[in-house]
Amino acid sequence: MKKVLSRIGVFLITVAVASVAVFLLLSALPGDAAAIKLGTEASPQALEQMRHELGLDRPMYLRYLSWAGGMIRGDMGISANSGVSIAADVMQGLQVTLLLVVIAMVIALLIAFVFGTLAAVYRERALGTVISVISQIGVSIPAFLAGLILVIVFSVGLGLLPATGWASPDDPVQFLRHVALPALSLGLVQGAILSRYVRSAVLEVTTEDFMRTARAKGLSSSQALRRHGIRNALVPIMNIAGVETASVLIGAVVVERVFEIRGLGSLLVSSVENRDLPEVQAIVMVLVVMVLFVNLVVDLLSAAVDPRFGGER
């Protein structure tokens, strides 16, 4: 329990430090939010009044405390461009992005565990070599390019799946049809990356003393791997999966644009294009918290899966 609380404490401190960094870096960007909101032809008096209304005339530390306090309460402010609540837009986009990322990571992990394990077990045979070559090709293809290839094949060529758009999970059939290509474009690439780590982890485990002991007691190589090897191999794999989940979040920014999905990534790009600083700050902070939270969960799960953890407590 002490180690769990310690990890949670580190997570909270990291979030606090990251919030300061996000606020300061984005506040340092050139441009006047008041001028963006009112237009370049606004009078100096109108600009001064708008800066006061936006709180831009207050000291930096007070502006940060007000912004951070609002983020904690779920009040992300008002969009400088549209004048609507930022929280509403962010929550709507977040639901879409989370669904896309979760499905993509499930696909990636299934691919990685199946083909990574096969590549390790059959490393000296043709099957292992073929899998390794295919994974190397997959690693070199960016997610957006994989998405375009999938669209050409399954949408333009075969006409099986829609090329753009999004559907609510309330309609499962349409949801699966719309999420298939963007999730596959992310999942296939990440699966290729993760499969190489799975292969290395499984190969490392098979050379451990406890695996030789298990085989000496009469277990076959596959039985020893299932009973003893997989759990030990999971620890480094889960750590890498946490890092790759962050990569999927970043990749989703581009993929959402390719498939015209109104998720958090598309919202961020639109906010940057419109120079909507309050919305950009809110979205970046939400993405940072998501990445840190994923790393926290992976850290806790790795500690729970690690056979040595029981002794450390």
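Up top is the structure these notes are about.
To keep things clear, this report deals only with the structure shown in the data block.

Rules behind the numbers
- Residues numbered from 1 in each chain as written.
- Predicted model: local features only at pLDDT ≥ 70, side-chain atom pairs only at ≥ 80, totals over all residues.
- Heavy atoms only, no water.
- Helix = DSSP H or I, 4+ residues; strand = E, 2+ residues; numbered from the N terminus.
- Buried < 20%, exposed > 50% of the residue type's maximum accessible area, 1.4 Å probe, protein only.
- Contact = heavy atoms within 4.5 Å.
- Axes fitted to C-alpha atoms, helices over the stretch in contact; angles between N-to-C directions.
- Parallel < 35°, antiparallel > 145°, perpendicular 65-115°, else oblique.
- Phe/Tyr/Trp six-rings, centres within 6.5 Å; stacked < 30°, edge-to-face > 60°.
- Core = buried A, V, L, I, M, F, W, Y, C linked by side-chain atoms within 4.5 Å.
- Lys, Arg positive; Asp, Glu negative; His and termini not counted.
- Salt bridge = Lys/Arg side-chain N within 4 Å of Asp/Glu carboxyl O.
- Expected span 1.5 Å × (residues − 1).

### Brief notes about the overall build of the protein
Turning to step 1, where the next piece is worked out: A tally of regular secondary structure across the protein gives 13 helices and zero strands.
Turning to step 2, where the next piece is worked out: Counting from the amino terminus, the protein carries its helices and strands in the arrangement α-α-α-α-α-α-α-α-α-α-α-α-α.
Turning to step 3, where the next piece is worked out: Within the protein, the proportion of its 313 residues that are buried is 40%.
Turning to step 4, where the next piece is worked out: Within the protein, residue pairs in contact and separated by at least 24 positions form 70% of the contacts whose partners lie at least 6 positions apart.

### Side note on the packing of helix 5 (residues 86–121) against helix 11 (residues 264–273)
Turning to step 1, where the next piece is worked out: Their axes nearest at 7 Å, the elements helix 5 and helix 11 cross at an angle of 135°. What the angle tells us is that helix 5 and helix 11 run oblique. Residues D89, V90, G93, L94 and T97 of helix 5 form the contact with helix 11, whose participating residues are L264, G265 and L267.

### Focus: the packing of aromatic side chains
Turning to step 1, where the next piece is worked out: Under the counting rule described, the total for this entry stands at three aromatic pairs.
Turning to step 2, where the next piece is worked out: Ring geometry for F11 versus F293: centroids 6.3 Å apart, planes at 65°, classification edge-to-face. Taken together, the positions of F11 in helix 1 (residues 2–27) and F293 in helix 12 (residues 277–305) put the pair 282 residues apart, joining distant regions of the chain.
Turning to step 3, where the next piece is worked out: On the numbers, 5.6 Å between centres and 65° between planes, the contact of F23 with Y64 is edge-to-face. Remark: Y64 occurs in helix 4 (residues 60–73) and F23 occurs in helix 1; sequence separation between them is 41 residues. Of the two residues, F23 and Y64, neither departs from the other in class, the shared state being buried.

### Regarding the nonpolar core
Turning to step 1, where the next piece is worked out: Membership of the largest hydrophobic core comes to 57 residues, with the highest contact counts inside it found for W67, M76, V90, L186, L264 and V286.
Turning to step 2, where the next piece is worked out: Put simply, the parts of the chain that give this core at least two residues each are helix 1, helix 4, helix 5, helix 7 (143–157), helix 8 (172–206), helix 10 (221–258), helix 11 and helix 12.
Turning to step 3, where the next piece is worked out: Residue contributions to this core peak at 14 residues, all from helix 5.
Turning to step 4, where the next piece is worked out: The contacts of V286, once residues within four sequence positions are left out, are M71, M76, V90, L94 and L264.

### Comments concerning the environment of F23
Turning to step 1, where the next piece is worked out: With relative accessibility at 4%, the residue F23 sits in the buried group.
Turning to step 2, where the next piece is worked out: In the structure, F23 is positioned 45 residues away from A68 in sequence and 8.8 Å away in space, judged by C-alpha atoms.
Turning to step 3, where the next piece is worked out: Excluding residues within four positions of it along the chain, F23 makes contact with M60, R63, Y64, W67 and Q281.

### Structural notes on the side chain of E279
Turning to step 1, where the next piece is worked out: With respect to the helices and strands, E279 occurs in helix 12.
Turning to step 2, where the next piece is worked out: There is no salt bridge for the buried E279, and the closest opposite charge comes from R262, which lies 5.9 Å off by N-O distance.
Turning to step 3, where the next piece is worked out: Aside from chain neighbours lying at most four places away, what touches E279 is S79, I86, D89, L267 and S271.

### Focus: the environment of L301
Turning to step 1, where the next piece is worked out: Take L301: it is sitting in helix 12.
Turning to step 2, where the next piece is worked out: Residues L301 and N239 lie 62 residues apart in sequence; the distance between their C-alpha atoms is 9.2 Å.

### Structural notes on helix 4
Three- or four-residue spacings in an α-helix give side chains the same orientation, since the helix completes a turn every 3.6 residues.
Turning to step 1, where the next piece is worked out: In this model, helix 4 (14 residues) spans 20 Å end to end at C-alpha, consistent with the 20 Å of a helix rising 1.5 Å per residue.
Turning to step 2, where the next piece is worked out: Along helix 4, the positions that sit buried rather than exposed are R63, Y64, W67, A68, G69, G70 and M71.
Turning to step 3, where the next piece is worked out: One or two residues past the end of helix 4 sits G74, with phi positive at roughly 90°.

### Examining helix 7
Turning to step 1, where the next piece is worked out: Taking 1.5 Å as the rise per residue, helix 7 with 15 residues should run 21 Å; its terminal C-alpha atoms sit 20 Å apart, in good agreement.
Turning to step 2, where the next piece is worked out: Listed in full, the buried residues belonging to helix 7 are A143, A146, G147, L150, V151 and S155.
Turning to step 3, where the next piece is worked out: The first or second residue beyond helix 7 is G159, which carries a positive phi of 65°.

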